[in-house]
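# Per-entry structural report
Take a look at the letters that make up each chain.
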Amino acid sequence: MNKREASPVRKALGVVMASAVLLGYFAPGAQTLRTLPEKLSLTTGQQCRVHLGALHLQGAGDSVSVAASEDETLKSRGVVDITADAQGETALVLSFLGIPLKTVQVKVAEEKRLIPGGSAIGVAIRTDGVLVVGTADVPGGGSPAEDSGIRPGDVIDMVDGVKISGADHLARLVEDSGGKALHLMCRRGEKAFEAIMTPLQDESAGAARMGAWVRDSTAGVGTLSYYDPETGAYAALGHGITDGDTGQILSVGEGQVLRARIVAVQKGQIGTPGELKGSFLREAETLGTVEDNNALGIYGHLDVPAQSVLYPDGLPVGLHSGVHTGEATILSTVDGEGVKEYTVEITRVNPQNAASNKNMVLHITDERLLDKTGGIVQGMSGSPIIQDGKIIGAVTHVLVNDPTRGYGIFIENMLGAAG
């Protein structure tokens, strides 16, 4: 039996319904409903513009005022400004024809000021435990580490109840085992596990071996993002320090930030990220500690308060709700002349407030910076981003296929990740 073909009327009705769904999905009010977060953080005096379309927004407290834009064109499009008047918490209700659709919890905090960074720093850390970066067979046998269930990316913390202080310490314990089984305490991500490993004798070296490559330290150059004069705390990089072989974020046993000097620049090119080459270990002028290394940066305290020649009084924090596309600047050190301010354009802002270090897309527009580096290069990670007189974030990554563009993180995400 043949199916009856849809009539022209039904086809037309289907097209109209599909078009209505698409128009509704992309309408300003619908987009606001999808993108406006359930929780909104503002500072006193901060303003946030929202495109409502046919939706209605009503405040339920005194901390936040909601007013239609004074621009008649914007007002006709349902544009309103949310202004944080005073500290406190309140709620905003989005509704359509009197039907509540979404409630946004708003927290208004006192304006916070930070000293913006931009200076080059050296970072040296020793891991908490040792990181396994690979396994290999012991001459004449297999890999005891692999046979015991240990994999690249795992961290070995203890051997027979003894805390491991580094790769050399682990090697000595293995060599001194006399070939007897060792009880290992390990970590894989956030999960702890135990392993029993029996080292094999490497006849060519005359010593017992575990059949694994391990790493216990790393060092490199980055950029200071901010310093908090109230607490002495700092943040840098905007992303975690990872192991080059396994991609694992390195856990910190102990670490230092040191004053760095940029000695050369490898310019970025399409397909090849550039790099700032710095010197810091030879001079070894310690600035402070590294206490945490996570997906959103490195954190610690400075021994001497950081200062900014360009912004000696610091800058207020600009929360993500006020970040917008358009002009901005970054502070960075790419030569021996110290921190300089360079123009950029924010071309996209991701509306979500999830813990991420790719919250906005930047385009370098300053010819001075393009001439020196070709755009964003390794070592510039952490360079603070300034917009509308506020510190709003930090540079995190470069787009490999276009070194003039890269990502930035919201400053509030970095503040929220500080231990």
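Now for a look at the structure at hand. (Residues numbered from 1 in each chain as written. Predicted model: local features only at pLDDT ≥ 70, side-chain atom pairs only at ≥ 80, totals over all residues. Heavy atoms only, no water.)

## Quick word on the overall build of the protein chain
When helices and strands are tallied, the protein chain shows seven helices and 30 strands. For the protein chain, buried positions account for 46% of its 419 residues. Sequence separation of at least 24 residues holds for 67% of the intrachain contacts in the protein chain that already meet a minimum separation of 6. A total accessible area of about 21,100 Å² is found for the protein chain, and carbon and sulfur atoms account for 52% of it. (Helix = DSSP H or I, 4+ residues; strand = E, 2+ residues; numbered from the N terminus. Buried < 20%, exposed > 50% of the residue type's maximum accessible area, 1.4 Å probe, protein only. Contact = heavy atoms within 4.5 Å. Areas by Shrake-Rupley, 256 points an atom, 1.4 Å probe, with all protein chains shown as cover.)

## Focus on the pattern of salt bridges
Enumeration over the complete set of coordinates arrives at 20 salt bridges. One salt bridge in this structure joins Lys340 and Glu337, with 2.4 Å as the shortest N-O distance. Overlapping salt bridges bring together Asp128, Asp157, Lys163 and Arg187 as one network. (Salt bridge = Lys/Arg side-chain N within 4 Å of Asp/Glu carboxyl O.)

## Here's the deal with the side chain of Ser177
Among the secondary structure elements, Ser177 is positioned in the loop between α5 (167-175) and β12 (182-188). When neighbours within four sequence positions are excluded, Ser177 is seen to be in contact with Leu182, Pro199 and Ala208.

## Concerning the packing of aromatic side chains
For any pair of aromatic rings, the description rests on two quantities: the centre-to-centre distance and the angle between the ring planes. This structure, assessed with the given rule, holds zero aromatic pairs. Looking at Arg188, its charged tip hangs above the ring of Phe193, at a distance of 4.8 Å from the centre. (Phe/Tyr/Trp six-rings, centres within 6.5 Å; stacked < 30°, edge-to-face > 60°. Lys NZ or Arg CZ within 6 Å of the ring centre and 35° of its normal.)

## Comments concerning the sheet that holds strand β29 (residues 390-399)
Around the barrel, which closes on itself, the six strands sit in the order β25-β26-β27-β30-β29-β28 with antiparallel pairing between neighbours. Across the sheet, the axes of successive neighbouring strands diverge by a mean angle of 45°, strand direction being ignored. One ladder, built from two bridges, connects strand β25 (residues 326-332) with strand β28 (residues 384-387); its direction is antiparallel. Residue pairing for β28: Ile330 is matched across the bridge by Ile385. (Pairing = 2+ DSSP bridges. Axes fitted to C-alpha atoms, helices over the stretch in contact; angles between N-to-C directions.)

## What about α5?
Since the α-helix advances by 3.6 residues per turn, residues separated by three or four positions end up pointing in the same direction. The complete set of buried residues in α5 reads Ala167, His169, Leu170 and Val174. Viewed end-on, α5 has its buried residues packed into an arc of 160°, placing them on one side of the element. (Arc of directions from axis to C-beta.)

## Notes on the nonpolar core
Formed by 27 residues in total, the largest nonpolar core has its most connected members in Ile330, Ile346, Met360, Ile364, Leu369, Met380 and Ile385. Those elements giving two or more residues to this core turn out to be β9 (120-135), β25, β26 (340-349), β27 (360-364), α6 (367-373) and β29. Setting aside anything within four residues of it in sequence, one finds Ile364 in contact with Ile330, Thr343, Val344, Leu369, Leu370, Gly375, Ile376 and Thr404. Tyr227, Leu250, Val252 and Leu287 belong to the second largest nonpolar core, which has 21 residues in total. (Core = buried A, V, L, I, M, F, W, Y, C linked by side-chain atoms within 4.5 Å.)

## Overview of the side chain of Ser332
Within the secondary structure, Ser332 is located in strand β25. Ser332 gets classed as buried once you look at its relative accessible area, which sits at 0%. Among the polar contacts listed, one links the side chain of Ser332 to the side chain of Ser383, at a separation of 3.0 Å. Apart from the residues lying within four places of it in its own chain, the contact partners of Ser332 are Gly118, Gly338, Val339, Lys340, Tyr342, Met380 and Ser383. (Polar contact = N/O pair within 3.5 Å; in protein donor to acceptor, adjacent residues only side chain to side chain.)

## Concerning the pairing of β27
The side chains of a regular strand alternate between the sheet's two faces. Burial of β27 is extensive: five of the five residues sit out of reach of the surface. Neither face of β27 is exposed, since Met360, Leu362 and Ile364 on one face and Val361 and His363 on the opposite face are all buried. Of the strand pairs in this sheet, β26 and β27 are connected by five bridges, and their pairing is antiparallel. In the strand pairing of β27, Glu345 is matched with His363. Taken together, the four bridges between β27 and strand β30 (residues 402-410) define a ladder with antiparallel strand orientation. Bridge pairing in β30 places His363 opposite Arg405.

## Quick look at a nonpolar patch on the surface
Together, Phe96, Leu97, Ile99 and Leu101 make up an exposed nonpolar region whose accessible area comes to about 420 Å². Mapped onto the elements of the fold, Leu97 is located in the loop between β6 (88-96) and β7 (99-109). Taking the relative accessible area as the measure of exposure, Leu97 reaches 75% and is therefore exposed. (Patch = residues over 30% accessible without salt bridge, like charges linked within 9 Å, V, L, I, M, F, W, Y side chains within 5 Å.)

## As for the pairing of β29
Summarising burial for β29: seven of the ten residues are buried, a large majority. As defined by bridge partners, β28 adjoins β29 across four bridges and the pair is classed as antiparallel. Looking across to β29, one finds that Ile385 is bridged to Gly393. Taken together, β28 and the strand that follows it, β29, pair antiparallel across an intervening segment of two residues, in which Asp388 is found at a positive phi of about 55°. Counted between consecutive antiparallel strands, the loop separating β29 from β30 contains two residues.

## Comments concerning the environment of Leu170
For Leu170, the position within the fold is in helix α5. Residue classification places Leu170 among the buried positions, given a relative accessible area of 2%. Between the C-alpha atoms of Leu170 and Val130, which are 40 residues apart in sequence, the distance is 8.2 Å. Non-local contacts of Leu170, meaning those with residues more than four positions away in its chain, are made with Val130, Ile156, Val159, Ile164, Met210 and Val214.

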